[in-house]
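A closer look at the structure
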Amino acid sequence: MKNLKITLFFLFLFTSFWSQAIIKVVDTNADSGPGSLRDHIQNANANDTILIDVSGTIELLNEISINQKSNLWIIGPYPTHLTISPSTGWIGGNNLFKIDQSSNIHFENIGYEGNNLTRGFDLSGNPGQIGFKNCVIEGFQPSPALDGGAIFCVNTPLKLENCSVFENLGENGGAIYYDTGELELINTTFYNNVANDGGGALFLNDGFNATVIHCTFKDNFSTSDGSCIAIPGATGGAVLMQGNASDGNGGNTQFFDPSGFMNSVGGNVIKLNGGGDAVPYTEHPTDQSAQGINTFLTATPVTDGYGLKYFRITNCNSDLVDVGPNGLPTPAFDTRRAPRKLSGECGIVSGPNLSPLADAGAVEFTKLRVLNNSGNALTTNSLPWCLNQNLDLTNYIEFNVGNVIIDPDASMIVASAAFIIDGFSQVGSEIPGPEATGNPGVIEGAFPIEIENANGLTDGFIFTATSQNSRISGIRITGFQNFGIAATGTSGIKIQGNQIGINSSGFVSSNISSGSMIRASSSCIIGGGQH
């Protein structure tokens with residue numbers, strides 16, 4: 001049974017990476033030694049993949065060096081299950097990781113949590129890109145302060161995508177100090193980063209070309225100029241800004257660029273501070289900047305079932321909603337895997353909208369928000385009500401309701417279009433993950449959203465021919481007379497990361513025929529790779 005669980009866990013998270021040359025599995029939280037992260041990195045060859053198959057915290061005693069490596073993937077079980085941190089007994093080095101003379105090093109699905117003993121990453125002199133995807137980088141506040149509290153990057157292409165960069169502190173660049181190279185920031189949230197000098201979130205020094213797309217800057221601060229981005233020098237390259245959102249950032253100015261390197265290609269929404277705060281670029285027709293901007297972002301960050309952190313838009317009246325079209329390609333998805341373009345205009349209209357506009361910031365607004373536990377399709381913002389709407393070619397359902405049991409009045413037929421039913425959007429949810437060191441296997445996830453059959457229904461969810469390419473994740477489904485989930489005559493249905501047939505008390509509450517049924521359908525997936 002343990003071997004089966006391990007196999008299922010790898011299927012759940014890592015299917016898409018099995019084509020790499022060699023897979024090395026980290027099976028201990030130890031700082032060093034056989035099976036440790038440090039050991040596998042030191043012995044990695046080109047095109048290797050390192051999979052971290054433990055939960056908890058890997059506490060490092062000193063810096064991990066990645067030198068003269070290429071095409072290396074380091075993939076974790078998402079920040080909800082794994083954090084890499086400097087130990088309180090830290091014995092040396094200014095960085096948690098130092099990477100030099102390397103190319104194409106990719107970190108995915110990992111949390112990094114710092115303290116006042118060290119910076120996060122020193123990336124210097126790397127000819128190929130260093131990338132971070134679905135990562136949380138937080139709390140690196142070295143004392144005395146260093147440039148780039150989270151990341152110091154020189155002569156290195158750098159990309160952050162779908163990341164959360166929170167509460168770091170540095171001298172110049174509270175979060176990131178960047179000098180010379182190509183920088184890409186996509187769907188990334190910068191929150192409460194502080195610079196003792198300039199650039200609360202980002203300090204651009206020299207020789208750079210940067211693209212900043214659909215990022216959120218919230219509550220960052222710098223003692224000098226540029227609480228979001230500071231570009232104080234006279235030499236540099238273009239900084240292209242698209243679809244970004246700022247709110248609540250302190251200091252004298254949010255974007256400091258006296259030499260004029262920053263250019264807008266549209267959709268930036270900047271809530272200005274008082275005094276002399278202004279955007280330094282010529283505004284695109286789709287840009288907005290004013291003190292009276294209303295973002296309607298959540299008051300505090302949301303942490304989802306993957307452990308990623310961000311701010312949701314909570315109201316269709318937000319100035320962040322529907323700000324496109326813009327000049328650069330728009331990412332297909334936002335930081336939480338919702339379609340990047342969703343209908344955001346107030347009021348429910350008959351759809352689908354064939355040409356929705358993207359929102360500003362890292363997270364797209366959805367009108368399909370489950371806010372109550374009603375099982376009645378006539379109750380606004382109930383789950384059955386959301387499933388009865390047809391707003392977009394792919395509709396996205398977000399949960400913001402707490403721990404609830406939903407007893408539907410009727411089987412929930414997904415018939416109008418494709419839907420993503422994302423139970424892992426609920427705060428308090430957790431995706432399944434690996435056991436701690438020494439306990440091979442899988443720990444179950446946390447499922448605050450339970451669909452229970454109290455009304456004698458035959459099936460829970462029914463996917464039909466017109467709901468092809470739908471996905472359901474992070475839902476507990478119990479007690480239906482036939483099937484918890486049924487898919488007939490359709491294609492592309494993904495049933496991933498749910499708990500079917502076990503109630504919230506941990507007791508069996510089976511769906512009598514089977515948990516899931518797929519019939520006369522093609523290209524459907526139960527479980528499988530990253531969802």
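Residues numbered from 1 in each chain as written. Predicted model: local features only at pLDDT ≥ 70, side-chain atom pairs only at ≥ 80, totals over all residues. Heavy atoms only, no water.

Counted by the stated rule, this structure contains 19 aromatic pairs. Here Phe107 and Tyr112 contribute two aromatic rings whose centre-to-centre distance is 6.2 Å and whose plane-to-plane angle is 85°, an arrangement assigned as edge-to-face. Looking at Phe107, the relative accessible area reads 1%, which means it is buried. Measuring from ring centre to ring centre gives 5.1 Å for Phe152 and Tyr177, while their planes differ by 15°; the resulting arrangement is stacked. Here Tyr177 lies in strand 17 (residues 176-179) and Phe152 lies in strand 13 (residues 151-154), a separation of 25 residues in the sequence. Neither residue differs from the other here; Phe152 and Tyr177 are each classed as buried. An aromatic cluster of three or more residues is present, and its members are Phe97, Phe107, Tyr112, Phe121 and Phe132. Sitting over the ring of Tyr306, Arg337 keeps its end group 4.4 Å from the ring centre. (Phe/Tyr/Trp six-rings, centres within 6.5 Å; stacked < 30°, edge-to-face > 60°. Buried < 20%, exposed > 50% of the residue type's maximum accessible area, 1.4 Å probe, protein only. Helix = DSSP H or I, 4+ residues; strand = E, 2+ residues; numbered from the N terminus. Lys NZ or Arg CZ within 6 Å of the ring centre and 35° of its normal.)

On to the pairing of strand 18 (residues 181-186), then. Across 4 bridges, the pairing between strand 14 (residues 158-161) and strand 18 is parallel. Looking at strand 18, one finds that Glu161 is bridged to Ile186. Direction of pairing for strand 18 relative to strand 22 (residues 208-213): parallel, over a ladder of 6 bridges. Each bridged residue has a counterpart across the sheet, and for Ile186 the counterpart in strand 22 is Ile213. (Pairing = 2+ DSSP bridges.)

Direction of pairing for strand 22 relative to strand 26 (residues 239-242): parallel, over a ladder of 4 bridges. Along strand 26, the bridge assignment pairs Thr211 with Leu240.

A separate point is the pattern of salt bridges. Taken as a whole and assessed by the stated rule, the structure comprises 12 salt bridges. Salt-bridge contacts for Arg312 lead to Glu398; the nearest nitrogen and oxygen are separated by 3.9 Å. You can see Arg312 sitting in the loop between strand 33 (309-310) and strand 34 (369-370) and its partner Glu398 sitting in strand 35 (residues 394-399), a full 86 residues away along the chain. Glu398 shares its class with Arg312; the two are buried. Salt-bridge contacts for Glu398 lead to Arg369; the nearest nitrogen and oxygen are separated by 3.3 Å. (Salt bridge = Lys/Arg side-chain N within 4 Å of Asp/Glu carboxyl O.)

What follows is about the sheet that holds strand 24 (residues 221-222). If you walk across this open sheet you meet the 3 strands as 16-20-24, and the pairing is parallel. The outermost strands of the open sheet, each flanked by one partner alone, are strand 16 (169-170) and strand 24.

Mapped onto the fold, Asn168 is located in the loop between strand 15 (164-166) and strand 16. Apart from residues no more than four positions distant in its own chain, Asn168 is found in contact with Ile137, Glu138, Gly139, Phe140, Gln141, Ala150, Gly174, Ala175, Asn192, Asn193 and Val194. (Contact = heavy atoms within 4.5 Å.)

Quick look at the nonpolar core now. The tendency in soluble globular proteins is for nonpolar side chains to be buried as a group. Counting 63 residues, the largest nonpolar core has Leu37, Ile84, Phe97, Phe107, Tyr112, Phe132 and Ile151 as the members making the most contacts within it. Not counting residues up to four positions away in its chain, the partners in contact with Phe107 are Ile66, Ile74, Phe97, Ile99, Tyr112, Phe121, Ile130, Gly131, Phe132, Lys133 and Cys135. In terms of nonpolar packing, the next biggest core, distinct from the first, is built from 29 residues, Met412, Ile451, Ile485 and Ala487 among them. (Core = buried A, V, L, I, M, F, W, Y, C linked by side-chain atoms within 4.5 Å.)

Covalently bonding the sulfur atom of one cysteine to the sulfur atom of another cysteine gives a disulfide. Using the criterion set out here, one finds 1 disulfide in the structure. What pairs with Cys316 in a disulfide is Cys346, and their sulfur atoms sit 1.9 Å apart. Between Cys316 and Cys346, the S-S dihedral sits near 105°, and the bridge is therefore right-handed. Note that Cys316 is positioned in the loop between strand 33 and strand 34 and Cys346 in the loop between strand 33 and strand 34, a separation of 30 residues in sequence. Here Cys135 is not disulfide-linked; the sulfur of Cys163 is the nearest cysteine sulfur, at 4.9 Å. (Disulfide = S-S within 2.5 Å.)

Our focus in this paragraph is the environment of Gly35. Here Gly35 shows up in the loop between strand 1 (23-26) and helix 2 (37-42). Separated by 10 residues in the primary sequence, Gly35 and Val25 place their C-alpha atoms 6.9 Å from one another.

A few words now on the side chain of Asp122. In this structure, Asp122 sits in strand 10 (residues 119-124). A polar atom in the side chain of Asp122 sits 3.4 Å from the side chain of Lys98. Contacts of Asp122, omitting those with residues within four sequence positions, involve Asn95, Phe97, Lys98, Ile99 and Phe152. (Polar contact = N/O pair within 3.5 Å; in protein donor to acceptor, adjacent residues only side chain to side chain.)

Tracing the backbone shows Ile50 in strand 2 (residues 49-52). We classify Ile50 as buried; its relative accessible area is 0%. Put simply, Ile50 and Ile23 are 27 residues apart on the chain and 5.8 Å apart in space, counted from C-alpha to C-alpha. Contacts of Ile50, omitting those with residues within four sequence positions, involve Lys24, Val26, Leu37, His40, Ile41, Ala44, Leu72, Trp73, Ile74 and Ile75.

Just geometry here; none of it tells us what the structure is for.
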